[in-house]
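Chain and residue survey
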Amino acid sequence: MQRSNFAPHDDPYGLPPSYDKSTQTGSKWAPRNWSKKLLIGVIAAIVLVVAAIIVGAVVGSKSTSYPDYSTLSYSLQDTYSGTDFFDQFDYFTGYDPSAGFVHYVPAETATSSDYNLTYASSSSAVLRVDTTDTDASTGRYSVRITSKKQYDSGLFVFDVLNSPYGCSTWPALWLSDPDNWPTNGEIDVMEAVNQATTGNQVTLHTTDDCKMNVKRKESGDVLTNNCWNGTDYNAGCGVQGAQDTFGEAFNANGGGVYALEWRDEGIRVWFFSRGSIPSNIPTDLTNTTAPDPSTWGEPLADFPATHCDMSSHFKNQSIIANIDLCGSWAGTTSIYSTQDQCPGTCTDFVTTNATAFDTAYWEWASWRVYTAS
Ligand SMILES: *[C@@H]1O[C@H](CO)[C@@H](O)[C@H](O)[C@H]1NC(C)=O
Ligand SMILES: *[C@@H]1O[C@H](CO)[C@@H](O)[C@H](O)[C@H]1NC(C)=O
Ligand SMILES: *[C@@H]1O[C@H](CO)[C@@H](O)[C@H](O)[C@H]1NC(C)=O
Ligand SMILES: *[C@@H]1O[C@H](CO)[C@@H](O)[C@H](O)[C@H]1NC(C)=O
Ligand SMILES: *[C@@H]1O[C@H](CO)[C@@H](O)[C@H](O)[C@H]1NC(C)=O
């Protein structure tokens, strides 16, 4: 941590080199007897000391200061649920920006009975990877959806019934403005790769000047502190949850609720497994009672605004969900083979092992967005 920009002085009290003791009469400790140069030196020294004290106080207080996450009163703005769930999204069909071995298909293909990659009923919405093609030699069919609506703050409650996992998969539930990245920021609420045994990662990606080496209150493990995409090979500032926050263990518990609160004071993400959802997050959709984060205790991840201006780093965010395959995270050999012990190469696995993707699906009961009044 930088403390002060002031270079050390040879003589901290500023005696000018030309000062000649022999010309002085009377006490040299009486200011009126001081030479003009000495007087300037003493004044300069006092200014330096005062400035150093102020800088020290600011730097010192930064490490302990913490935003006032005072209670906000929320009301329901948007509900994503039911048979028209997917009508509120655009299907991304371009070349995968994350270099995955995947073809993101348009809505007509995804919803056709041949593929059935997105399917919504009155009780849930499913988004999955193709499990039929046994020779997907140019990449496997999958889906990436982007909400038509964009947000600048709010409380986002994701009721998740099932999270995708399995070798080569890289699923994510996140917020971003892909046309203005990283300028308008990225908030990754749920993200994991391969077997997802290391749990969920919550991550921010931003432009420069957004750091999390400040006081935080969270239960997850800090991975990296600089959110700027130009550091750590764009790892972002990540926080990792326990094993049951994603994948097989998460699904075995019936999934759970992820809640993202995004406000000027900071960004916080809570995870509640199915059995411990707070009563003020009613899973019954007919109940519009507003959730109250002030009653939920410590979040999984806390990104306070202390050294990251939220309104300038995060804007215009769509909600995005996708399942990538291989690519710059899941497919890297040190991750795919070494860390996650997956067989062969990632692209060979995707090409041939169609039935392995039976576990590669998202299922959501609902997403709800609340705004502070
Ligand atoms: C599509 O998937 C859903 C959810 O898994 C399933 O209930 C439905 O029967 C499938 N439809 C077809 C035509 O395969
Ligand atoms: C928000 O995003 C949309 C589409 O991604 C874009 O057209 C628009 O210019 C963006 N607005 C701002 C303020 O960045
Ligand atoms: C970070 O974002 C800048 C644009 O602001 C881009 O030029 C650069 O390639 C990005 N770096 C990485 C590693 O994504
Ligand atoms: C809605 O949920 C709240 C919080 O759990 C509960 O107190 C209230 O009784 C519920 N209302 C209805 C109509 O079920
Ligand atoms: C195919 O996937 C299954 C289940 O993930 C795995 O056990 C098997 O080793 C895979 N086969 C090949 C040839 O990679």
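What comes next concerns the included structure. Only a predicted model underlies this, so the values are computations on that prediction, with no experimental measurement involved.

**As for the pairing of strand β11 (residues 201-205)**
On a regular strand, one side chain projects to one face of the sheet and the next to the other, so that they alternate. For β11, the buried fraction is high: 5 of the 5 residues fall into the buried class. Here β11 shows no split at all, with Q201, T203 and H205 on one side and V202 and L204 on the other all buried. Pairing between strand β10 (residues 186-191) and β11: 3 bridges, direction antiparallel. Among the inter-strand pairings, I187 is bridged to a residue of β11, identified as L204. Relative to strand β13 (residues 237-240), β11 is paired through 4 bridges, and the arrangement is antiparallel. The residue bridging Q201 from the neighbouring strand is Q240, located in β13.

**Section: the packing of aromatic side chains**
The geometry of an aromatic ring pair comes down to the distance between the two centres and the angle between the two planes. Under the counting rule described, the total for this entry stands at 24 aromatic pairs. Measuring from centroid to centroid gives 6.0 Å for F92 and Y104, while their planes differ by 70°, and the two rings are edge-to-face. Of this pair, F92 sits in the loop between β2 (89-91) and β3 (102-104) while Y104 is found in strand β3, placing the two residues 12 residues apart along the sequence. Among the residues examined, Y104 registers a relative accessible area of 5% and is labelled buried. In this structure, R144 packs its charged tip against the face of F92, placed 4.5 Å from the ring centre. Taking the ring centre of Y69 as reference, the NZ or CZ of R268 above it sits at 3.7 Å.

**Remarks on the layout of surface pockets**
In this structure, the largest pocket encloses a volume near 950 Å³. Forming the walls of the largest pocket are 34 residues, and the residues nearest its centre are W170, E191, H205, N234 and W329. Of all the secondary structure elements, the ones that give two or more residues to the lining of the largest pocket are β9 (169-176), β10, β11, β13, β17 (318-325), α5 (327-330) and α6 (333-339). It is β9 that provides the largest number of residues to the lining of the largest pocket, a total of 4 residues.

Thresholds, definitions, all that
- Residues numbered from 1 in each chain as written.
- Chains lettered and ligands numbered in written order.
- Predicted model: local features only at pLDDT ≥ 70, side-chain atom pairs only at ≥ 80, totals over all residues.
- Heavy atoms only, no water.
- Buried < 20%, exposed > 50% of the residue type's maximum accessible area, 1.4 Å probe, protein only.
- Helix = DSSP H or I, 4+ residues; strand = E, 2+ residues; numbered from the N terminus.
- Pairing = 2+ DSSP bridges.
- Phe/Tyr/Trp six-rings, centres within 6.5 Å; stacked < 30°, edge-to-face > 60°.
- Lys NZ or Arg CZ within 6 Å of the ring centre and 35° of its normal.
- 1 Å grid on protein atoms, 1.4 Å probe; cavity = no way out; pocket = protein on both sides within 12 Å on 5 of 7 lines; lining within 4 Å.
- Points joined across faces, edges and corners; volume = space filled by probe spheres on them.

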